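Each chain, letter by letter, is given below.
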Amino acid sequence: MSFKGVRNDDVGAQLIGMPIRQETAIRGDKQTLPGRDGFLLIPTGYQEITVKQDIAVPDSDNLAAVKRWLTGAGDLVFGDFPQYAYEASIITASALSSMSKRLTGQKFTVTFTCQPFLHLVKEKVIELTTGKVFNGQGDVNSMPLIKVEGSGSQTLIVNGRSMDLTLTSGTPLYIDNDAGTAYIMNGNSLVFAGDQLTVDDDWFELFPKSRDTADWNNVNFTSGITKVTITPRWRWV
């Protein structure tokens, strides 16, 4: 198991058994309509999930390092699916118990609170200098990070949704569709740049994998945009 880029054996922790993974479920509003049996569910998203893993620390001298490791938030990866990661947080502390009557070592269950989707540990970016139609990955729509290079007043169109952009040569504009914001980089500092785009419809989404080419992703842009780099953030439930 890896959490925040650190493996369990790096800190002297052992895994006991397999993780217990909760499946996500659709979150929505229930409405009762006159003359209709049951209810109508209006989806509003997916619920967070929990993942539980039993941990043993045979050498109590490693316990402090393990406790420091199992705090905060980061990518959570298990060895049975090493290509996928959860976006995980540890919100509540774990209760410790002794591994034996002689009080050598400790064991406990750690509970991770995770976003409802898995994502790729290593993801390839998509670089475009002209418009393109391409198939997606995953099984639900994703909210990409898009880097746009060019100059002047331009338009970017993704799957029928358009944004009007004001670009400066040599200063790429980043559109974070998950966060619903745009920014530029000033050295190592992020500077919000919401005044450099107009969202005509809604933030961009990419479609997941489909056998039907009609459901593939379609990206186009005006001639003053010289390059578009997409980090797709493909997602699996």
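Placed above this text is the structure.
Here goes a summary of the coordinates provided. Predicted model only: the values in this text are computed from it and were never measured.

Some thoughts on the overall build of the chain
Here is step 1 of the chain: A tally of regular secondary structure across the chain gives one helix and 22 strands.
Here is step 2 of the chain: Radius of gyration (C-alpha) of the chain: 23 Å, far over the 18 Å computed for a compact globule of 237 residues.
Here is step 3 of the chain: Residue burial in the chain is summarised as follows: out of 237 residues, 37% are buried.
Here is step 4 of the chain: Across the chain, every contact between residues at least 6 apart in sequence was considered, and the portion connecting residues at least 24 apart equals 70%.
Here is step 5 of the chain: Carbon and sulfur atoms provide 49% of the accessible area of the chain, an area that totals close to 13700 Å².

Examining the nonpolar core
Here is step 1 of the chain: Among the nonpolar cores identified, the biggest contains 28 residues, and Ile146, Leu156, Leu165 and Ile175 are the most heavily contacted of them.
Here is step 2 of the chain: Contributing elements (two or more residues each) for this core: strand S11 (126-128), strand S13 (145-150), strand S14 (152-158), strand S15 (161-167), strand S16 (173-176), strand S17 (181-186), strand S20 (217-221) and strand S21 (225-231).
Here is step 3 of the chain: Core analysis: the next-biggest nonpolar cluster, separate from the first, contains 21 residues, Ala13, Ile49, Leu76 and Ile90 among them.

Regarding the pairing of strand S6 (residues 49-57)
Here is step 1 of the chain: Judged from the five bridges that link them, strand S3 (residues 14-21) and S6 form a sheet pairing that is antiparallel. Note that in S6 the partner of Ile16 across the bridge is Asp54.
Here is step 2 of the chain: Alignment of S6 against strand S10 (residues 106-120), held across nine bridges, turns out to be antiparallel. Bridged to Ile49 within S10 is Cys114.

Side note on the packing of aromatic side chains
In this description, a pair of aromatic rings is defined by centroid distance and the angle of the planes.
Here is step 1 of the chain: Scanning the entire structure with this criterion turns up four aromatic pairs.
Here is step 2 of the chain: Judged by centre distance (5.4 Å) and plane angle (70°), the ring pair of Tyr46 and Phe117 falls under edge-to-face. Taken together, the positions of Tyr46 in strand S5 (residues 40-46) and Phe117 in strand S10 put the pair 71 residues apart, joining distant regions of the chain.
Here is step 3 of the chain: An angle of 65° between the planes, with centres 5.1 Å apart, marks the rings of Tyr84 and Trp236 as edge-to-face.

A closer look at the pairing of S15
Here is step 1 of the chain: For S14 and S15, the ladder comprises seven bridges, and the chain directions are antiparallel. Bridge pairing in S15 links Leu156 to Met163.
Here is step 2 of the chain: Counted along the chain from S14 to the antiparallel partner S15, the turn is two residues long, and its residue Asn159 has a positive phi close to 50°.
Here is step 3 of the chain: Where S15 and strand S19 (residues 197-199) come together, three bridges link them in antiparallel fashion. Note on S19: the bridge partner recorded for Asp164 is Thr198.

Here is what the cut-offs are and how they apply
Residues numbered from 1 in each chain as written. Predicted model: local features only at pLDDT ≥ 70, side-chain atom pairs only at ≥ 80, totals over all residues. Heavy atoms only, no water. Helix = DSSP H or I, 4+ residues; strand = E, 2+ residues; numbered from the N terminus. Rg over C-alpha atoms; globule rule 2.2 N^0.38 Å. Buried < 20%, exposed > 50% of the residue type's maximum accessible area, 1.4 Å probe, protein only. Contact = heavy atoms within 4.5 Å. Areas by Shrake-Rupley, 256 points an atom, 1.4 Å probe, with all protein chains shown as cover. Core = buried A, V, L, I, M, F, W, Y, C linked by side-chain atoms within 4.5 Å. Pairing = 2+ DSSP bridges. Phe/Tyr/Trp six-rings, centres within 6.5 Å; stacked < 30°, edge-to-face > 60°.

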